[in-house]
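Residues per chain, in single letters:
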Amino acid sequence: MKERIASLLTVCFVTATVFSGCKNGSLPTITTNPVTNITMSSATSGGSITDDGGSEIITRGVCWSTEKEPTTNDQKTSDGTGSGDFISTITALSESTTYYVRAYAVNTEGTAYGQLQTFNTTAAGMSAVVTSPVTSLTSTSVVAGGNVTNDGGRNVSERGIVWSNTPAPTINNHRIPAGSGTGVFTTTISGLTDGTVYYIRSYATSILGTSYGNEIVFITPVTDIEGNVYKTTKIGNQVWMAENLRTTHYNDNSLIPQVKDSVQWAALTTPAYAWYRNNAANKPTNGALYTWYTVATGKLCPAGWHAPSNTEFETLELTVGVPADSISAWGWRGRGTSIKLKDSISWLTGKGNNSTGFSARASGYRAWANGQFRALGEITYFWSATDDTPNNKPLVAWYRRIDGASQYIYKATTEKTGGKSVRCIKN
């Protein structure tokens, strides 16, 4: 379906939403602080609320449990109201025990949770060690470290970092020693794989055994043929780019044609890219707008990645809450789902809480009919790699659309000359 028709449908949809009494608010956006000051019976965490979702934060704090995914029905702190940063003190813990903790924030829409953090309380006489936040993250390496804050009265013979692709790594997994004794240490982990989730912990070994610091989880970015680095996010079982593609070369290093003229663009039946309004200043944040013919080459995404098929977009939509009976439908589907994908910065209205980390930006588009640039700050489109040849419509391809004015995700087809953003998915 053409962009102009989709725009008219948006107006109708928004009107229907207003008269049906749907809310415009959303859940808050919150992150969980790393766990520090770990002892046999206590620890320190907290959180940061960067977006209140359009209504006042009623209460906030952290919740914890010995089971994964703690909620406010488990043990929790209450640390005031409002947005911003807060610190939480966790007490009455058992020694030598694994705990899971998340920050939470409550507004009139409900309760939002930050990412999960894991830590182990120390045992009597065991060393106390804290894992430092990672720095200098690349597609293949990261700088990590920790701090042995207390040796428990026993000499720390070895300290360092352990990591794995599964939670709670130990010295039986990957390990890098970083000296001995108490104090701060750092090391570099290399040989990592792009777009991969890693779990790391610091450790300290004495005659009584090995203590572990809090667990930190990160996902490596991906780098394209030009050296552009993209954040990534895992949503369900899929790993996606968390930024719009901005390469001007295919992954074999051949050049993608840049087409600035609007009339020439509207007549294209070949690969091409453009920056929004032909302004390269849009490259770092909004990425490039590509024709579908560029996607169809199969060479647009970095090696090991590809443009998502229509089916892969449907898998993403199921994960974020589009009902299964609506997945195959044309048009707007899944109330509240686009909020989980949209960032909280680029939208003039209808900002998201980005709970998935997808960070969809309001990047605008280039119209297929006349090559004009439109809707920066209001709309974003993403090409799929699937055209509609099976339905005898070879000149159109499937896309997804997200609007500031809508909490839904739009699915349709349009002419392949349209200029749209591209998000790559890992093979």
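No experiment lies behind these values; they were computed from the predicted model shown. Throughout, a residue's number is its position along its own chain's written sequence, starting from 1. Owing to the predicted nature of the model, reporting of local features is limited to residues with pLDDT of at least 70; listing and counting of side-chain atom pairs is limited to 80 or more, with chain, interface and lining totals taken over all residues. To get the side-chain values, take all heavy atoms of the structure and skip hydrogens and water.

Participant: Break down the packing of aromatic side chains for me, citing the residues and quoting the values.
Facilitator: Planes of paired rings set the category: under 30 degrees apart is stacked, over 60 is edge-to-face and the rest tilted, where pairs are Phe, Tyr or Trp rings (Trp by its six-membered ring) whose centres lie within 6.5 Å. Under the counting rule described, the total for this entry stands at 13 aromatic pairs. When the ring centre of Tyr250 is taken as reference, the NZ or CZ atom of Lys299 above it lies at 4.9 Å. We call a charge positioned over a ring when the NZ of a Lys or the CZ of an Arg lies within 6 Å of the ring centre and within 35 degrees of the ring normal. Positioned over the ring face of Trp398 is Lys411, at 5.3 Å from the centre of the ring.

Participant: Lay out the side chain of Ser164 in plain terms, naming residues and giving numbers.
Facilitator: Take Ser164: it is sitting in strand 11 (residues 158–164). Here's how the labels work: a residue is buried when its accessible area is under 20% of the maximum for its type, exposed when over 50%, partly exposed in between, all with a 1.4 Å probe on protein chains only. Taking the relative accessible area as the measure of exposure, Ser164 reaches 9% and is therefore buried. Here Thr166 takes part through its side chain, which lies 3.1 Å from a polar atom of the side chain of Ser164. Among residues more than four places away in sequence, those in contact with Ser164 are Pro169, Asn173, Val197, Tyr198 and Tyr199. Runs of H or I in DSSP of at least four residues are treated as helices and runs of E of at least two as strands, each being numbered from the N terminus. Pairing of N or O atoms within 3.5 Å defines a polar contact, subject to two protein rules: one partner must be a possible hydrogen donor and the other a possible acceptor, and residues neighboring in sequence count only if both atoms are side-chain atoms. Throughout, a contact is declared for two residues whenever any of their heavy atoms are within 4.5 Å.

Participant: So what about helix 5 (residues 310–320)? Which residues, and what values?
Facilitator: Every buried residue belonging to helix 5 is among Asn310, Phe313, Glu314, Leu316, Glu317 and Val320, and all of these are buried. Along the axis of helix 5, the buried residues cluster in a sector spanning 160°; they form a single face. Once helix 5 finishes, Gly321 follows within two positions and takes phi at roughly 115°, a positive value. In this description, one arc is meant: the one made by directions from the helix axis to the C-beta atoms.

Participant: Break down the confidence of the model for the protein for me, with residues and values.
Facilitator: If pLDDT is low for a region, its predicted coordinates should not be looked at in detail. Averaged over every residue, the pLDDT of the protein is 92; the share at 70 or more is 94%. Confidence of the predictor at the level of single residues is captured by pLDDT, which takes values from 0 to 100. Segment residues 1–23: pLDDT under 50, and 42 contacts once partners within four positions in sequence are set aside and those in other chains are kept.

Participant: I'd love a proper account of the side chain of Asn214, names of residues and values included.
Facilitator: By the element assignment, Asn214 lies in the loop between strand 15 (209–212) and strand 16 (216–219). There is a polar contact of 3.3 Å between the side chain of Asn214 and the backbone oxygen of Val35. Residues contacting Asn214, with those up to four places away along its chain left out, are Pro34, Val35, Ile38, Thr118, Phe119, Val129, Val130, Thr131, Ile200 and Arg201.

Participant: I'd love a proper account of the sheet that holds strand 9 (residues 128–131), names of residues and values included.
Facilitator: Taken in spatial order, the three strands make up an open sheet running 9-10-13, and their pairing is antiparallel. The strands lining the two open edges of the sheet, one partner per strand, are strand 9 and strand 13 (183–189). With strand direction ignored, the average angle separating the axes of adjacent strands in the sheet is 25°. Looking at chain direction, strand 10 (residues 142–150) and strand 13 are connected through seven bridges and run antiparallel. Bridge assignment links Val142 to a residue of strand 13, and that residue is Ile189. A pair of strands is treated as paired once DSSP finds two or more bridges between them. Axes here mean lines fitted to C-alpha atoms, for a helix over just the part in contact, with angles spanning 0 to 180 degrees between N-to-C directions.

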